[in-house]
Amino acid sequence: MVPPVLVREATAEDAAAVGEVHAEAWHQAYRDLFEPEWLARFVAERRVRWPARMATPEFATDTLLVAERGDSVVAFAWFGPYPDKPADVELRACYAHPSVWGTGVSRALMDGVWDAVADYRRVRLWTLAGANRARRFYTKEGFAETGLFREHDFGDTRPVLQLEYAATPPR
């Protein structure tokens, strides 16, 4: 029997588990998008950055939801005010551990996100152009490309293309 998914706001005690989910999702999802040595570095950074990130004053205006299955955090979604568009919210990160891909955990997590952002006009996010699994997921969730794009250098001096998606929260 598969345990149900519990979606809740994260606490400081969840930081290490969020980092583990973030790292493993990056390792699997982006393995074809970055050179191996850089991917290993990016994965290691994501594994340890969450305690400090969650302690910053800027983080206080954001929300971090986690999805638990059993007694383990297996996914997270981080969102907050969209810069320069106060009626909009930005989904800054949404990742699930590869062990739960395709099991409905991300769907349950997004239900929690939709509930939390219901009062916003639009939800916006940026995703890597080559992140096809994520792009399919967001499309299933009602997001569509806005036509905006940007290049982002994660530190390896090889900028990657990011695409903006947006959706109206279901009411």
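Located above this text is the structure these notes cover.
Residues numbered from 1 in each chain as written. Predicted model: local features only at pLDDT ≥ 70, side-chain atom pairs only at ≥ 80, totals over all residues. Heavy atoms only, no water.

A. Structural detail: the overall build of the protein chain. When its secondary structure is counted, the protein chain shows five helices and seven strands. Each helix and strand of the protein chain, placed in order from N terminus to C terminus, yields the pattern β-α-α-α-β-β-β-α-β-α-β-β. Each principal axis of the C-alpha atoms in the protein chain carries an extent, and together these give about 40 × 40 × 35 Å. Of all 171 residues assigned to the protein chain, the portion counted as buried reaches 43%. A sequence separation of at least 24 residues applies to 62% of the contacts in the protein chain between residues at least 6 apart. For the protein chain, the accessible surface area stands at approximately 9100 Å², while carbon and sulfur atoms represent 53% of it. Looking at the protein chain, you have 21 positive and 25 negative side-chain charges, and the mean spots of the two groups are 5 Å apart. (Helix = DSSP H or I, 4+ residues; strand = E, 2+ residues; numbered from the N terminus. Buried < 20%, exposed > 50% of the residue type's maximum accessible area, 1.4 Å probe, protein only. Contact = heavy atoms within 4.5 Å. Areas by Shrake-Rupley, 256 points an atom, 1.4 Å probe, with all protein chains shown as cover. Lys, Arg positive; Asp, Glu negative; His and termini not counted. Charge placed at Lys NZ, Arg CZ, Asp CG, Glu CD.)

B. Main features of unusual backbone geometry. We note that Asp-84 has phi near 70°; this positive angle belongs to a residue other than glycine. Among the secondary structure elements, Asp-84 is positioned in the loop between strand E3 (72–82) and strand E4 (85–96). Although it is not a glycine, Thr-157 adopts a positive phi angle of roughly 60°. With respect to the helices and strands, the residue Thr-157 is situated in the loop between strand E6 (144–152) and strand E7 (160–167). A relative accessible area of 65% places Thr-157 in the exposed class.

C. Representation of the packing of aromatic side chains in the model. Per the stated rule, a full pass over the model turns up 17 aromatic pairs. With centroids separated by 6.4 Å and ring planes inclined at 75°, the aromatic side chains of Tyr-30 and Phe-34 adopt a geometry described as edge-to-face. Take Tyr-30 and Phe-34: they sit in the same class, and that class is buried. Taken together, Trp-26, Tyr-30, Phe-34, Trp-38, Phe-42 and Phe-154 form an aromatic cluster joined through their ring pairs. When the ring centre of Trp-26 is taken as origin, the NZ or CZ atom of Arg-46, which lies over that ring, is 3.8 Å away. (Phe/Tyr/Trp six-rings, centres within 6.5 Å; stacked < 30°, edge-to-face > 60°. Lys NZ or Arg CZ within 6 Å of the ring centre and 35° of its normal.)

D. The layout of surface pockets, seen in detail. Taken as a whole, the largest pocket encloses approximately 1200 Å³ of empty space. Lining of the largest pocket is provided by 49 residues; of these, Tyr-30, Cys-94, Tyr-95, Ala-134 and Tyr-138 occupy positions nearest its centre. Of all the elements in the fold, those that place two or more residues in the lining of the largest pocket are helix H1 (15–29), helix H3 (50–55), E3, E4, helix H4 (105–116), strand E5 (122–128), helix H5 (132–140) and E6. Its residues assigned to classes, the lining of the largest pocket shows 25 nonpolar, 11 polar and 13 charged. (1 Å grid on protein atoms, 1.4 Å probe; cavity = no way out; pocket = protein on both sides within 12 Å on 5 of 7 lines; lining within 4 Å. Points joined across faces, edges and corners; volume = space filled by probe spheres on them. Nonpolar A, V, L, I, M, F, W, Y, C, P; charged D, E, K, R; others polar.)

E. Fine view of the packing of H1 against helix H2 (residues 36–48). Relative to each other, H1 and H2 sit at 165°, their axes nearing to 7 Å. Taken together, the axes of H1 and H2 lie roughly antiparallel to each other. The two elements H1 and H2 cross, and the hand of that crossing is right-handed. Seen from H1, the contacting residues are Gly-19, Glu-20, His-22, Ala-23, Glu-24, Trp-26 and His-27; seen from H2, they are Leu-39, Phe-42, Val-43, Arg-46 and Arg-47. Per-class residue counts for the contact of H1 with H2 are five nonpolar, three polar and four charged. (Axes fitted to C-alpha atoms, helices over the stretch in contact; angles between N-to-C directions. Parallel < 35°, antiparallel > 145°, perpendicular 65-115°, else oblique. Left-handed = near helix turned anticlockwise from the far one by under 90°.)

Any functional reading would require information that these geometric values do not contain.
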